[in-house]
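Fold and contact review
So the chains spell out like this:
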Amino acid sequence: MQYLSRIGGPIKPIRSKIEAPPKISFDLGGVVTLNESFATGGTIFSQGDIAETLMFIQRGRVKLSVASKTDKVAIVAVLGPGDFLGEACLGSQNVRMRTATAIAPTALQVIERNEMMRALHVDQALSYCFLSYLLSRNIRLEGDLVDQVSHSSEKRLARALLLLARTGNRRKLHRFAGISQGTLAAMIGATRAHVNFFMNKFRKLGFIKYRGPLDENGGMHINTSLLAKAFFK
């Protein structure tokens, strides 16, 4: 299907990307950090807390959620190794706008705001990598917004699984744990019943395989090649 622009020429419909943000290697050797660990379900910080630090994920997985005044909760991101969280404190945000929760055993490097500002000022390589990371995260967020208004819940689920699996090598099965069907539903703006239906469909088609129950302790293998071919040819 094509759409007409205001000057009469055809333009292609917008399609969201399925590529995960490129992995950027950070050298934090010159940055003063504090190592902290969180068990599954541990709260790293809560919405409304004072924002004085940012964290670099060394191991594990973290979900970021936002609660409305009516206590309705939305999951806005799931982060993994190599990602930062809490980086908004480097700007004018002095209060946490989200809650960060470990959904797998997680190890973090915690960096004070002023220390990170100092390191970015004196280390050009770190500053370049961090800027590249922020830009890639912003592109990913824009893709998520396009996905919400342009695609069906089934296709949004497929994209979410591909991004979680880090689609760098689609020839292999990618495994991850800590993502429940309730979490997936909150991520894509669907009901748990819809996610359960589509996950069963994906399993029968060979797109995914379960290793134990799909809950906080279970795991999943994703055949990213088959899943991408079926939804994003």
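First, a word on what this report is: a plain description of the structure on this page. Predicted model, so just to flag it, every value in this text is computed and none were measured.

**Brief notes about the overall build of the chain**
Looking only at helices and strands, one finds six helices and 13 strands in the chain. Among the 233 residues that make up the chain, the fraction classed as buried is 45%. For the chain, restricting intrachain contacts to residue pairs at least 6 apart in sequence, the fraction spanning at least 24 positions comes to 72%. A total accessible area of about 13200 Å² is found for the chain, and carbon and sulfur atoms account for 55% of it.

**Things to note about the sheet that holds strand 5 (residues 53–59)**
Spatial ordering of the open sheet is given by 3-10-5-8, a layout of four strands whose pairing is antiparallel. Where the open sheet ends on each side, the last strands, each with one partner, are strand 3 (34–38) and strand 8 (84–85). Each of strand 5, strand 8 and strand 10 (106–112) touches helix 1 (residues 113–122); the most contacted strand, strand 10, lies at about 75 degrees to it.

**As for helix 5 (residues 192–204)**
For helix 5, with 13 residues, the first-to-last C-alpha span of 18 Å sits near the 18 Å given by 1.5 Å per residue. Considered for burial, the residues of helix 5 that qualify are V195, F198, M199 and F202. Buried residues of helix 5 fall within an arc of 105 degrees about the axis and therefore sit on the same side. Turned more than 90 degrees away from the buried face of helix 5, the exposed residues are A193, F197 and K204. Looking one or two places after helix 5, you find G206, whose phi comes out positive at around 85 degrees.

**Topic: the environment of S92**
Take S92: it is sitting in the loop between strand 8 and strand 9 (99–102). We classify S92 as exposed; its relative accessible area is 72%. Sequence spacing of S92 and A51 is 41 residues, and the spatial spacing of their C-alpha atoms is 9.9 Å.

**Some points on the packing of aromatic side chains**
Overall, the coordinates contain 11 aromatic pairs when judged by the stated rule. The interplanar angle of 70 degrees and the centroid separation of 5.6 Å between the aromatic rings of F202 and F231 together place this pair among those described as edge-to-face. Taken as a pair, F202 in helix 5 and F231 in helix 6 (residues 224–231) lie far apart in primary sequence, 29 residues in all. By relative accessible area, which is 18% here, F231 ends up buried. Grouped by ring-pair contacts, the aromatic residues F26, F56, F84, F130 and Y133 constitute a single cluster.

**Digging into the pattern of salt bridges**
Taken as a whole and assessed by the stated rule, the structure comprises three salt bridges. A salt bridge links E87 to R137, with the nearest nitrogen and oxygen atoms 3.3 Å apart. Pair noted here: E87 is in the loop between strand 8 and strand 9 and R137 is in helix 2 (residues 124–150), with a separation of 50 residues, a long-range link. Look at R137 and you get buried, because its relative accessible area is 13%. For E154, the salt bridge is made with K201, and the minimal N-O distance between the two is 2.8 Å. A residue pair is termed long-range when its members are at least 10 positions apart, and E154 in helix 3 (residues 153–164) and K201 in helix 5 qualify at 47 residues.

**Considering the sheet that holds strand 6 (residues 62–67)**
Strand order in this open sheet of four strands is 4-9-6-7, and the pairing throughout is antiparallel. Here the strands that pair on one side only, and so sit at the sheet edges, are strand 4 (43–45) and strand 7 (73–79). Each adjacent strand pair in this sheet contributes to an overall mean axis angle of 30 degrees, direction not counted. Two strands pair when backbone bridges link them, and strand 6 and strand 7 are joined in this way by six bridges, in the antiparallel orientation. Paired with V66 across the bridge in strand 7 is A74.

**Here's the deal with the environment of R159**
Along the chain, R159 falls in helix 3. Taking relative accessible area as the criterion, R159 reaches 4% and is therefore assigned buried. When the C-alpha positions of R159 and L227 are compared, they lie 8.8 Å apart, and in sequence the two are 68 residues distant.

**Brief notes about the packing of helix 3 against helix 4 (residues 181–188)**
Contact pair helix 3 / helix 4: the axes reach a minimum separation of 10 Å and the direction vectors enclose 110 degrees. With respect to helix 4, the axis of helix 3 lies roughly perpendicular. For the element pair helix 3 and helix 4, the recorded crossing hand is right-handed. Every residue of helix 4 that contacts helix 3 at S153, R156, L157, A160, L161 and L164 is listed here: L184, M187 and I188.

Thresholds applied
Residues numbered from 1 in each chain as written. Predicted model: local features only at pLDDT ≥ 70, side-chain atom pairs only at ≥ 80, totals over all residues. Heavy atoms only, no water. Helix = DSSP H or I, 4+ residues; strand = E, 2+ residues; numbered from the N terminus. Buried < 20%, exposed > 50% of the residue type's maximum accessible area, 1.4 Å probe, protein only. Contact = heavy atoms within 4.5 Å. Areas by Shrake-Rupley, 256 points an atom, 1.4 Å probe, with all protein chains shown as cover. Pairing = 2+ DSSP bridges. Axes fitted to C-alpha atoms, helices over the stretch in contact; angles between N-to-C directions. Expected span 1.5 Å × (residues − 1). Arc of directions from axis to C-beta. Phe/Tyr/Trp six-rings, centres within 6.5 Å; stacked < 30°, edge-to-face > 60°. Salt bridge = Lys/Arg side-chain N within 4 Å of Asp/Glu carboxyl O. Parallel < 35°, antiparallel > 145°, perpendicular 65-115°, else oblique. Left-handed = near helix turned anticlockwise from the far one by under 90°.

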